[in-house]
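# Observations on the model geometry
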Amino acid sequence: MNVPDLAAPLPFTDLRAQYLALHDSIHARLQRVLDHGQYIMGPEVGELEKRLAGFVGVRHCIGVASGTEALLIAMMALDLKPGDEVITTPFTFAATAEMIVLLGGKPVFVDVETDTCLIDATLIEAAITPRTRAIMPVSLYGQVGDMAPINAIAARHGLAVIEDAAQSFGAMYQGRRSAGLSTWGATSFFPSKPLGCYGDGGALFTDDDALAQAAREIRVHGQSGRYVHTRVGVGGRLDTLQAAVLLAKFERFEWELQRRREIGDRYGELLAGLPGLKMLTIRGDRDCVWGQYTVFVEDRAEVQSALQSLGVPTAVHYPKPLHHQAAYAAFCCAQCCPVSQTVAESVLSLPMSADLGHVDQERVVAALKRALAR
Ligand SMILES: *Cc1c(COP(=O)(O)O)cnc(C)c1O
């Protein structure tokens, strides 16, 4: 392999190339909104919801203000009460547990699998108590957790399952799409997620008519009609302008998913067998859309700073499991969930986007080889 030019820094997520590729349709979509002027709940929101519900393969999609808001509204629609318990993983972004706590609920942390960083389904049943209301698996890095056994456990105990699909929109599990696999699927359109808008946005997915109706009301202050407040809600709508951006980006989303899988496979081939590095396992009954392209490395701090000096940006998702964060320490003992602590010490995310070209990817690989050899 040629050692490519190591001068100019690479973007961690290349939103610029995507913008240039979709320039005309993004501008046309935005212009249409500026012309009709319906900035709140304009026709683009409904159009997007219809498209995405069809894509995921469920009856209902509800566009909301963010992925965090999606989790909040999903639990409000389930009528989560103070003291109710929700089983989830501590190895995730804070929003997952944050919304449980905000509603007065208690996150019950269950450890993750060493090779996938996804919730260990075999540990869930032991964590169920009479207060358990829901299980919230996180489809971390773009790979769905083991939803079949999780759904079976939930059915046995009468629990809801809320998939935090913020990093996995478009991923497949046993022939079906992420976010359409359980009671609720909650995704995020934060710019760097697999399907991203130009600000904050998110969506909820369900096949349950009553839950969908509840969520539609909750996102507009609990209104069942104009100024008819049947329940307590939030201001949680998706902006029309963001829906317009998403409609434009959705035009080539299937292509982007394919690119992400190919780039992920290529990283796997180019990095396989390097000393000091281990790859994430992708299970045979699913794929990964690489919301983050994450590997395990020894001596992460050194590798990361060596890569930085070679112009390759990296990130750590996440440096600490939530039960080691001050805001969530009360919910779990420090020694609990040891695998989450172990993986938190070695995970490293590399540049990934649908527009990452061969040459740039080779540059990342060459830099990583040099960093690991130091
Ligand atoms: C990004 C993310 C969220 C929150 O989504 P926002 O749109 O930023 O509110 C929640 N959970 C996980 C796992 C995420 O990666």
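Keep in mind that this is a model prediction, so the values were computed, not measured.

## Considering the overall build of the protein
Scanning the protein for helices and strands turns up eleven helices and 14 strands. Taking 21 Å as the expected radius of gyration for a compact globule of 374 residues, we find that the protein reaches 21 Å, a close match to that expectation. Considering only C-alpha atoms, the protein reaches an extent of 65 × 55 × 35 Å along its principal axes. The long-range share in the protein, meaning contacts at least 24 apart out of those at least 6 apart in sequence, stands at 72%. Carbon and sulfur atoms provide 54% of the accessible area of the protein, an area that totals close to 14,900 Å².

## Regarding a nonpolar patch on the surface
On the surface, Leu 34, Tyr 39, Ile 40, Met 41 and Leu 241 cluster together to form a nonpolar patch covering roughly 430 Å² of accessible area. Position of Met 41 relative to the elements: it lies in the loop between α1 (15–36) and α2 (43–56).

## As for helix α11 (residues 358–373)
Look at α11: 22 Å from first C-alpha to last across 16 residues, which is about the 22 Å you get at 1.5 Å a residue. Where α11 is concerned, the buried positions are Gln 361, Glu 362, Arg 363, Val 364, Val 365, Ala 366, Ala 367, Leu 368, Ala 371 and Leu 372. Where the residues of α11 are buried, they touch α8 (253–271), β12 (277–279), β13 (293–297), α9 (300–309) and β14 (347–350).

## What to know about the domain arrangement of the protein
When the domains of the protein are assigned, the result is domain 1 (19–110 + 117–250) and domain 2 (252–373). Placing the centre of domain 1 and that of domain 2 at their C-alpha centroids yields a distance of 24 Å. The partner domain 2 presents 34 residues to the 41 residues of domain 1 that form the contact. When the buried area of domain 1 at its contact with domain 2 is split by residue, Phe 91, Tyr 141 and Gln 143 rank highest and sum to 25% of it. There are two salt bridges connecting domain 1 and domain 2. Remark: the boundary between domain 1 and domain 2 carries 17 residue pairs in polar contact (both at pLDDT 80 or more). Where the side of domain 1 that touches domain 2 is concerned, the elements lending two or more residues are α1, α4 (95–102), β3 (106–109), β6 (172–173) and α7 (240–250). Residues belonging to the side of domain 1 that touches domain 2 are distributed by class as follows: 25 nonpolar, ten polar and six charged.

## Side note on the environment of Ser 168
Looking at the element boundaries, Ser 168 is found in the loop between β5 (160–164) and β6. Excluding its chain neighbours within four sequence positions, the residues that come into contact with Ser 168 are Ser 139, Gly 142, Gln 143, Glu 163, Ser 178, Pro 194 and Val 289. Separated by 2.7 Å, the side chains of Ser 168 and Ser 178 make a polar contact.

## Topic: the site of the ligand
Taken together, 16 residues are adjacent to the ligand, and Gly 67, Thr 68, Gln 167, Ser 188 and Lys 193 come closest. Taking Lys 193, its side chain carries an N or O atom lying 2.7 Å from an oxygen atom of the ligand. Taken by itself the ligand offers 380 Å² of open surface, and the protein chains cover 93% of this. Of all the secondary structure elements, the ones that give two or more residues to the shell around the ligand are α3 (67–77) and α4.

## Some points on the side chain of His 317
Within the secondary structure, His 317 is located in the loop between α9 and α10 (338–346). The class for His 317 is buried, based on a relative accessible area of 12%. Within the local environment of His 317, its side chain forms a polar contact with the side chain of Ser 349, the two groups lying 2.8 Å apart. The residues touching His 317, leaving out its near neighbours within four places in the chain, are Phe 12, Phe 91, Tyr 141, Gln 292, Val 347 and Ser 349.

## Section: the pattern of salt bridges
What the rule picks out here adds up to 20 salt bridges. For Arg 51, the salt bridge goes to Glu 47, with nearest N and O atoms at 3.3 Å. Taken together, the residues Arg 51 and Glu 47, both in helix α2 and four residues apart, mark about one turn of the helix. Linked through salt bridges whose partners overlap, the residues forming this network are Arg 29, Glu 47 and Arg 51.

## Considerations on the sheet that holds β14
Here three strands make up an open sheet; going across it, the order is β12-β13-β14 and the pairing antiparallel. Edge strands, defined here as strands with exactly one partner in the open sheet, are β12 and β14. The mean angle between the axes of side-by-side strands here comes to 40 degrees, regardless of whether they run parallel or antiparallel. Where β13 and β14 come together, four bridges link them in antiparallel fashion. From the neighbouring strand, Tyr 293 faces β14, where its bridge partner is Leu 350.

## Describing the environment of Gly 67
You can see Gly 67 is positioned in helix α3. Taking the C-alpha atoms as reference points, Gly 67 and Glu 47, separated by 20 residues in sequence, lie 19 Å from one another. When near neighbours in sequence (up to four residues on either side) are disregarded, Gly 67 contacts Thr 187, Ser 188, Gly 201 and Gly 202.

Criteria and cut-off values
Residues numbered from 1 in each chain as written. Predicted model: local features only at pLDDT ≥ 70, side-chain atom pairs only at ≥ 80, totals over all residues. Heavy atoms only, no water. Helix = DSSP H or I, 4+ residues; strand = E, 2+ residues; numbered from the N terminus. Rg over C-alpha atoms; globule rule 2.2 N^0.38 Å. Contact = heavy atoms within 4.5 Å. Areas by Shrake-Rupley, 256 points an atom, 1.4 Å probe, with all protein chains shown as cover. Patch = residues over 30% accessible without salt bridge, like charges linked within 9 Å, V, L, I, M, F, W, Y side chains within 5 Å. Salt bridge = Lys/Arg side-chain N within 4 Å of Asp/Glu carboxyl O. Expected span 1.5 Å × (residues − 1). Buried < 20%, exposed > 50% of the residue type's maximum accessible area, 1.4 Å probe, protein only. Domains from an automatic or database assignment. Buried area = accessible area lost by both parts, 1.4 Å probe. Polar contact = N/O pair within 3.5 Å; in protein donor to acceptor, adjacent residues only side chain to side chain. Nonpolar A, V, L, I, M, F, W, Y, C, P; charged D, E, K, R; others polar. Near = heavy atom within 4 Å. Pairing = 2+ DSSP bridges. Axes fitted to C-alpha atoms, helices over the stretch in contact; angles between N-to-C directions.

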